[in-house]
Amino acid sequence: MTTPTNRPDPADNTTPPGDLQVSGHHRQLSPAEVAAMEEKIRKIEFAISLVLRIGVILSVSVIGVGLGVMFYHHGDYTSLTGHVSYKTLTSRSTPFPHTLGQLRTSLAHGEGRGIIVLGVFLLILTPILRVAVGVISFLYEKDVPMALITLFVLIVLIGSFFLAGV
Amino acid sequence: MTPLLFVVSLALISVAAGVLGSLVGLGGGVVIVPVLTLVYGVNIRLAIGASIVSVIATSSGAAAAYVRERMTNLRAGMFLEVATTTGAVSGAYLATLLPERFLFAFFGVVLAYSSVITYRKRHEDHLLTVSHDRIANYFNLHGSYYDAAEGREITYKVAGTRLGLFLMYIAGLVSALLGIGSGALKVPAMDSAMHLPMKVSTATSNFMIGVTAAASAGVYFIRGQIDPIIAAPVAAGVLLGATFGARVLGRITSRTIRLLFVGVLVIISLEMLQKGLLP
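Described in the following lines is the structure provided in the data block. (Residues numbered from 1 in each chain as written. Chains lettered and ligands numbered in written order. Predicted model: local features only at pLDDT ≥ 70, side-chain atom pairs only at ≥ 80, totals over all residues. Heavy atoms only, no water.)

1. A short note on the overall build of chain A
A tally of regular secondary structure across chain A gives 5 helices and 0 strands. In chain A, the order of α-helices and β-strands from amino to carboxyl end is α-α-α-α-α. Across the 166 residues of chain A, 39% fall into the buried class. Taking the intrachain contacts of chain A between residues at least 6 apart in sequence as the baseline, contacts between residues at least 24 apart amount to 50%. For chain A, the accessible area works out to roughly 9400 Å², and carbon and sulfur atoms hold 67% of it. (Helix = DSSP H or I, 4+ residues; strand = E, 2+ residues; numbered from the N terminus. Buried < 20%, exposed > 50% of the residue type's maximum accessible area, 1.4 Å probe, protein only. Contact = heavy atoms within 4.5 Å. Areas by Shrake-Rupley, 256 points an atom, 1.4 Å probe, with all protein chains shown as cover.)

2. Quick look at a nonpolar patch on the surface
A cluster of nonpolar residues, A:Val144, A:Leu148, A:Leu151 and A:Ile155, forms a patch on the protein surface that exposes about 370 Å² of accessible area. Turning to its location among the elements, A:Val144 is positioned in helix 5 (residues 144–164). (Patch = residues over 30% accessible without salt bridge, like charges linked within 9 Å, V, L, I, M, F, W, Y side chains within 5 Å. Salt bridge = Lys/Arg side-chain N within 4 Å of Asp/Glu carboxyl O.)

3. What to know about helix 10 (residues 228–248) of chain B
If you check helix 10 of chain B, its first and last C-alpha atoms are 30 Å apart, about what 21 residues at 1.5 Å a residue would give, namely 30 Å. Within helix 10 of chain B, 15 of the 21 residues are buried, which leaves the element mostly enclosed by the surrounding structure. (Expected span 1.5 Å × (residues − 1).)

4. With respect to the packing of aromatic side chains
Under the defined criterion, the tally for this structure stands at 5 aromatic pairs over all chains. Summarising the aromatic geometry, the rings of B:Phe79 and B:Phe139 are spaced 4.9 Å apart at their centres and angled 40° between planes, so their arrangement reads as tilted. You can see B:Phe79 sitting in helix 4 (residues 74–94) and its partner B:Phe139 sitting in the loop between helix 6 (134–138) and strand 1 (143–147), a full 60 residues away along the chain. For the pair B:Tyr138 and B:Phe139, a centre-to-centre distance of 5.1 Å together with 90° between the ring planes defines the contact as edge-to-face. Overall, the relative accessible area of 13% leaves B:Phe139 in the buried class. Every member of this aromatic cluster is reached through a ring pair, and the members are B:Phe79, B:Tyr138 and B:Phe139. When the ring centre of B:Phe207 is taken as reference, the NZ or CZ atom of A:Arg130 above it lies at 3.7 Å. (Phe/Tyr/Trp six-rings, centres within 6.5 Å; stacked < 30°, edge-to-face > 60°. Lys NZ or Arg CZ within 6 Å of the ring centre and 35° of its normal.)

5. Here we look at unusual backbone geometry
The phi dihedral of A:Lys142 is positive, around 60°, even though this residue is not glycine. On the secondary structure map, A:Lys142 appears in the loop between helix 4 (112–140) and helix 5. Look at B:His195: it is not a glycine, yet its phi comes out positive at around 65°. Within the fold, B:His195 resides in the loop between helix 8 (182–193) and helix 9 (198–222). A residue is classified by how much of its surface remains accessible, and B:His195, at 7% relative accessible area, is buried.

Written out as C-alpha cells, the structure is:
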C-alpha cells in the first residue's frame, strides 16, 4: 500500500486545518481533541486490563483448588513411581464433564475435575467479558461506531455458545 | 508416568510455551499440540482442546500487561475481531464439509510463503505517516506506543483495512477448522497488510486470539475435547509464562521478534504440510 505523492501530507503545517485531504474523516482533529481522545483510550485500556487480570487470577485459583482436591481424593495419583499411569486420565474414553449438566453434578459431588472444568470455564469467559466491558466503555465514552462494532463481536461470541448447544 | 509427574512436567513445558507464544503473538498452541501428541502420546482431538485453552490463557495473561503498557492497538484489535469471530463461527460448521488434509496442505503453503515475506523485510518496520484508508480514518485505528528497545515514542498510521479484514476472517476460519494457525495469519495481516509496527502486531494479535479461540471453545467443550487433567497444568503454566513474556517484549528489538516469529512460522508450516501431505 503506497501513499500517492501528489497529495499533500496533512501532518504538514502548510495544509489548512479542516481540509478534507484525508478521506473517510470529517476533518483533522485539533491537538486538544487528540489529547481528549487519548485520555479516553487510556481509561478504556485500564478497564480492560483490569477485567483480564481479575479473570486470569480467578480462573487460575479455581484450577489450582481443583487440582488440589483431585490429588487429595486420589492418593494413588500423587506417588512418583506408582502403577497409575496418566494415560488412564488422558485417553479418549476418560470420563469428564463436558456439558453444563454434568458439570453441575460433578461440582455437587465435590469432584476435583469438576472444579478444574469450572476454572477453565472462567478462563474461557474472560475474553468474552473483556468484549462486554469494551462495549460499555465505548458507550460511556460516546464512541458509537466502535460500540456497535464491539457489540456485534459480543453477539457473535454469545451466539457461538448457543449454536454449539452449551 | 504417574498423574502428578504428568501435571508437573506439562506445567513446566507450558511456562515455556506461554513465554514464546506471548512474544510472537501466536498463543501457546504451537508448542502444546506437538508436545502432547508426540511426547505424551495424547490423542490429537484432546491436544487441540488443550491448545484452545492455552491460546486463551496466553491471550488473557499477556494482554493484561500489553494493554497497560499501550503496546496493543486496542481499537484496531477490537475492530478486526468482527472478522475473526465471524470466521471462527463459520469455520466450526464448515469443518465437516472441507477435507482436512487439503486444508493442512493449503495453509502449510500459505504460512511458508508468509514466513518468506516476513524474513525478507526483517530489517525495517515500514511505518506510514499518513493514511488514505477510509475505514481506518473513520474508526481512527491509528496509534502510537513507547518502544523501550529504541527508547522513543513511535507513531504509526493504519492502512489496508479491507485486506486486513479479509485475512482476519480467514484466520478465524482456520483457527476453528484446524485448532492452530490463528495468530500465524493475524500477525502478517497487521504487520504486512496494515502497516502496524511488528511489536504492536504481535501484542494486538495476542489480544485478539483469546476472543477468536473463545468463539470456538463452546464447540470444543461440548465435543468433550477439553480434558481437565490436561487443561489444568496447561492453563496455569501458560498464564505464568505469558505474564513473564509480556514483561520483556518492550525491551526486545523488532528485528529479533520478527526472526523469532519467522522461525516459529516455519515450524508450523512444516507441521501442517506433514499433516496434509504425508500418509
